[in-house]
Amino acid sequence: MLQRWIAAHFDDTERPYIDHAWVAWEHIPAEVALAVLAAEDQRFFMHRGFDLVEIRRAVETFQNGGRLRGASTITQQTAKNLFLWPGRDYLRKGLEALFTVLIEAFWPKQRILEVYLNIAQFGPRTYGVGAASQRYLHRRIEAVGAEDAALLAAVLPNPEIYRLDAPSTKVRRRAARIAQQMRRLGGTAYLMQLSEYAHR
């Protein structure tokens with residue numbers, strides 16, 4: 001957010017503003033949290049910051065001639081978005097790993113997810129589910145249901161390309177797959193079960 005705000009001050013074509021509004025955990029619908037977990041990190045409550053299953057799958061895919069894909073967890077993305085800068089250099093990845101370990105050590109899973117939902121980018125200069133809901137869905141986040149939650153989560157891989165203001169066919173198909181995965185996981189009951197599991 002800071003990087004975008006500073007850059008806008010040096011760009012005469014942009015008005016320097018950031019659309020962001022913090023939303024406390026108790027006001028974020030369970031459907032929104034579930035949609036993001038279904039889309040980004042289904043083993044979030046089971047790992048300690050690094051999803052070894054997804055890392056192994058990514059490596060195997062690459063070794064078999066496929067494209068090297070990311071396997072970042074929500075904790076890793078939180079570390080990057082909160083403390084670091086965009087990019088893929090080794091220094092940033094090393095610091096990201098360090099902050100991931102520290103975040104998992106000092107924050108409960110609920111806090112990690114709350115922070116991620118409030119700082120993730122959902123559109124140009126639009127950060128957090130609160131601002132995204134108001135700007136693109138024209139309603140407060142508390143009023144967002146499962147279908148709209150899936151649409152919000154569908155743009156997270158690259159909100160500069162996948163747009164909420166004019167969702168492409170690809171975004172809508174991705175949202176439909178996320179909604180289907182949410183149902184397969186068992187709906188919001190899944191979220192509550194995993195939260196209880198994480199606190200054991």
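Right above here is the structure, for reference.
Residues numbered from 1 in each chain as written. Predicted model: local features only at pLDDT ≥ 70, side-chain atom pairs only at ≥ 80, totals over all residues. Heavy atoms only, no water.

A word on the overall build of the protein. When its secondary structure is counted, the protein shows 10 helices and 3 strands. Along the protein, from the amino end to the carboxyl end, the secondary structure elements read α-β-α-α-α-α-α-β-β-α-α-α-α. Looking at the protein as a whole, 41% of its 200 residues qualify as buried. For the protein, long-range pairs separated by at least 24 residues make up 63% of all intrachain contacts whose partners lie at least 6 apart in sequence. Accessible surface computed for the protein: about 11,400 Å², of which carbon and sulfur atoms make up 54%. (Helix = DSSP H or I, 4+ residues; strand = E, 2+ residues; numbered from the N terminus. Buried < 20%, exposed > 50% of the residue type's maximum accessible area, 1.4 Å probe, protein only. Contact = heavy atoms within 4.5 Å. Areas by Shrake-Rupley, 256 points an atom, 1.4 Å probe, with all protein chains shown as cover.)

Take the nonpolar core next. V32, I74, L117, F122, L152 and I178 are the most contacted members of the largest nonpolar core, which has 44 residues in total. Within the residue set of this core, elements represented by two or more residues are α2 (30-40), α4 (74-83), α6 (109-119), α7 (129-137), α8 (146-154), α9 (169-185) and α10 (188-198). Tallying contributions element by element places α2 first for this core, with 7 residues. (Core = buried A, V, L, I, M, F, W, Y, C linked by side-chain atoms within 4.5 Å.)

This paragraph deals with α2. Every α-helix carries 3.6 residues per turn, so stepping three or four residues along brings you back to the same face. The buried count for α2 comes to 8 of 11 residues, which makes it a mostly enclosed element. Along α2, the residues classified as buried are V32, A33, L34, A35, V36, L37, A38 and E40.

The next thing to look at is the side chain of Q77. Summarising the element assignment, Q77 is placed in helix α4. Residues contacting Q77, with those up to four places away along its chain left out, are E40, S72 and Y116.

Our next topic: the sheet that holds strand β3 (residues 126-127). Backbone hydrogen bonds hold the strands of a sheet together, and the pairing may be parallel or antiparallel. Here 3 strands make up an open sheet; going across it, the order is β1-β3-β2 and the pairing mixed. Here the strands that pair on one side only, and so sit at the sheet edges, are β1 (19-20) and β2 (121-123). Two strands pair when backbone bridges link them, and β1 and β3 are joined in this way by 2 bridges, in the parallel orientation. Paired with D19 across the strands is T126, a residue of β3. (Pairing = 2+ DSSP bridges.)

This next bit is on the packing of α4 against α6. Between α4 and α6, the shortest axis-to-axis distance is 9 Å and the interhelical angle comes to 55°. Overall, the two elements α4 and α6 adopt an arrangement that is oblique. The chirality of how α4 crosses α6 is left-handed. On the side of α4, the interface is formed by I74, T75, Q77, T78, N81 and L82, while α6 contributes K109, I112, L113, V115, Y116 and I119. Looking at the contact of α4 with α6 residue by residue, the classes come out as 7 nonpolar, 4 polar and 1 charged. (Axes fitted to C-alpha atoms, helices over the stretch in contact; angles between N-to-C directions. Parallel < 35°, antiparallel > 145°, perpendicular 65-115°, else oblique. Left-handed = near helix turned anticlockwise from the far one by under 90°. Nonpolar A, V, L, I, M, F, W, Y, C, P; charged D, E, K, R; others polar.)

Quick look at the packing of aromatic side chains now. The relative placement of two aromatic rings is captured by the distance of their centres and the angle of their planes. Inspection of every chain in the model, using the stated rule, returns 2 aromatic pairs. An angle of 75° between the planes, with centres 5.1 Å apart, marks the rings of F44 and F45 as edge-to-face. Comparing F44 with F45 shows no difference in burial state: the two are buried. Look at F83 and F99: their rings are 4.6 Å apart centre to centre, the planes differ by 20°, and that puts the pair in the stacked class. (Phe/Tyr/Trp six-rings, centres within 6.5 Å; stacked < 30°, edge-to-face > 60°.)

Right, let's talk about the environment of A189 for a bit. Structurally, A189 can be placed in helix α10. Take A189: its relative accessible area is 34%, and that puts it in the partly exposed class. Sequence-wise, A189 and L34 are 155 residues apart; in three dimensions their C-alpha atoms are separated by 9.6 Å.

Another aspect to go through is the pattern of salt bridges. Taken as a whole, this structure holds 12 salt bridges when the rule is applied. Note that E54 and R57 form a salt bridge whose closest N and O atoms lie 3.1 Å from each other. Residue E54 and its partner R57 are both found in helix α3 (residues 52-63); the two are separated by 3 residues, about one turn of the helix. On the basis of relative accessibility, which here comes to 41%, the residue R57 falls in the partly exposed class. Across the salt bridge formed by R163 and D165, the nearest N and O atoms sit 3.1 Å from each other. Look at D165 and you get partly exposed, because its relative accessible area is 46%. Linked by salt bridges that have partners in common, R43, D51, E54 and R57 make up one network. (Salt bridge = Lys/Arg side-chain N within 4 Å of Asp/Glu carboxyl O.)

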